[in-house]
Amino acid sequence: MRQANNEAVAALQGQVAILQGQLEDVLLRFAEANQTLPAQALIAGIGQLLVQFSVSQIGPQLTQKFLDDLKEAVRTFGPAQQ
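Residues numbered from 1 in each chain as written. Predicted model: local features only at pLDDT ≥ 70, side-chain atom pairs only at ≥ 80, totals over all residues. Heavy atoms only, no water.

(A) Examining the overall build of the protein more closely. Along its length, the protein carries 3 helices and 0 strands. Going residue by residue from the N terminus, the α and β elements of the protein occur as α-α-α. In terms of overall dimensions, the protein is more spread out than a globule: its C-alpha atoms have a radius of gyration of 16 Å, far above the 12 Å expected for 82 residues. With the C-alpha coordinates of the protein rotated into their principal frame, the extents come out at 50 × 30 × 25 Å. Here the protein has roughly 7200 Å² of accessible surface; of this, 63% comes from carbon and sulfur atoms. (Helix = DSSP H or I, 4+ residues; strand = E, 2+ residues; numbered from the N terminus. Rg over C-alpha atoms; globule rule 2.2 N^0.38 Å. Areas by Shrake-Rupley, 256 points an atom, 1.4 Å probe, with all protein chains shown as cover.)

Set out below in C-alpha cells:
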C-alpha cells in the first residue's frame, strides 16, 4: 500500500512539474508580448485567478491555509533571495 501511495505521489509530482513548465512558458511569452505591463500587475492577476480557482475547488478554509503557508514561505525564503 505504501508503495502504491509513493507511486501516486510521484505521478502527481510529475504532472505538477509539467504544469509548472507550461505555465512558466505561457507567462514568459505573455510578459514578452506585453512589456509595458508591470510585473506586479501580472502577478496580481495570476494571484487573483489562483485564489478564485482554489476557493472553487477546495473551499475558503483550505485556501486560507494555503495562503498562510505561502506567506510563511515568503518570510522564510524571501530574505535569502535579497
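Still to come is the rest of the account.
(B) Quick look at the environment of T36. Structurally, T36 can be placed in the loop between α1 (2-33) and α2 (39-58). With a relative accessible area of 81%, T36 lands in the exposed category. C-alpha separation for the pair T36 and L67, spaced 31 residues apart in sequence, amounts to 29 Å. (Buried < 20%, exposed > 50% of the residue type's maximum accessible area, 1.4 Å probe, protein only.)

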